[in-house]
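Chains, contacts and geometry: an overview
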Amino acid sequence: MLMSYIIWQSLALGVLILVMGLTGAILLVAINREEDREETGLQKKLYLVPLDEVSRGLADWLGSKLSSKFRFKINTSMVAKLPEESYSASRDSYFSSIILNKLQFLKASEDEYILAVTEEDLFTPNTDYVFSSSDGLAGVAIVSAQRLKPEFYGLPQSDEVVRMRAMKRAVHEIGHLLTLDNCDENSCVMYSSKTISDLDYQSDKFCHGCKLELTLPVKVPKT
Ligand SMILES: [Zn+2]
Ligand SMILES: [Zn+2]
């Protein structure tokens, strides 16, 4: 009798430990999922807008990956056209500010962000080229795949490399849309990479300081 009582006690204890272990594991999964999200609390919509047929695949891929990083409702829109007036024949490149200015008219409400993707090269009056650009006040951003391609630098073509680089630029510009400034930490995704080697060195994650900034109360976005 005593023996069976001890066995039952041991069994009950075993079941209790198992249940506690399972609960802990489930909680851990929940916490890890939460930590995977780089930004919390916002329920905005993010539209990926391909600006040419070729960019549709990259836009779709970015959309699927960004949905695990941010709490946006993410969709890829129809292909839109680059505004002709943004093209500079002398540079054979597109003026990013004009594109951003036009993109904001695609927004249906203030709750939407737009991230456009193009194959074409981008420039600003101060720089010969930019990998990407954004207007925080307008809530719009653009990434160019042109200089993210290994073949641009005489190396073998790789979709994987283009995707990894585009992801960093997309997260960087979304960081600006969420009011973050450029960061001095060169491994942080908010570091302002000017060269492809800078871009390859930096990660697609926010550093501790930038992560903290993201959790502060909403402030007025900077351009
Ligand atoms: Zn920046
Ligand atoms: Zn940072």
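Here is a short report on the structure shown in this document. (Residues numbered from 1 in each chain as written. Chains lettered and ligands numbered in written order. Predicted model: local features only at pLDDT ≥ 70, side-chain atom pairs only at ≥ 80, totals over all residues. Heavy atoms only, no water.)

What follows is about the pairing of strand E2 (residues 73-76). As paired elements, strand E1 (residues 45-50) and E2 share four bridges and run parallel to each other. Residue pairing for E2: Leu48 is matched across the bridge by Thr76. Crossover handedness for the path E1 to helix H2 (residues 56-66) to E2: right-handed. (Pairing = 2+ DSSP bridges. Helix = DSSP H or I, 4+ residues; strand = E, 2+ residues; numbered from the N terminus. Right-handed = clockwise from strand over helix to strand, strands pointing away.)

Attention shifts here to the coordination of the zinc ion (ligand 2). Distances from the zinc ion (ligand 2) to its protein donors, Cys183 (SG), Cys188 (SG), Cys207 (SG) and Cys210 (SG), fall within 2.3 to 2.4 Å. Each of the four donor atoms bound to the zinc ion (ligand 2) contributes to angles spanning 105 to 112°, and the resulting shape is tetrahedral. Taken in sequence order, the residues that donate to the zinc ion (ligand 2) follow the motif C-x4-C-x18-C-x2-C. Cys210 carries the same exposure label as Cys207, and that label is buried. (Donors = N, O, S within 2.8 Å, 3.2 Å for Na, K, Ca; no water. Tetrahedral: all angles 85-135°; square planar, octahedral: opposite > 155°, others 65-115°. Buried < 20%, exposed > 50% of the residue type's maximum accessible area, 1.4 Å probe, protein only.)

Now for the nonpolar core. Judged by nonpolar contacts, the single largest core of 36 residues is most densely connected at Leu62, Leu66, Leu115 and Phe206. Of all elements in the fold, only E1, H2, strand E5 (112-118), strand E9 (140-144), helix H4 (159-177), helix H5 (196-201) and helix H6 (208-214) reach the threshold of two or more residues within this core. If sequence neighbours within four positions are ignored, Leu115 has contacts with Leu46, Tyr47, Leu48, Val49, Leu66, Ala141, Ile142, Val143, Ala170 and Ile174. Within the second largest apolar cluster, 15 residues are counted, among which are Val49, Leu51, Leu122 and Val130. (Core = buried A, V, L, I, M, F, W, Y, C linked by side-chain atoms within 4.5 Å. Contact = heavy atoms within 4.5 Å.)

Remember, this is a structural readout, not a statement about activity or role.
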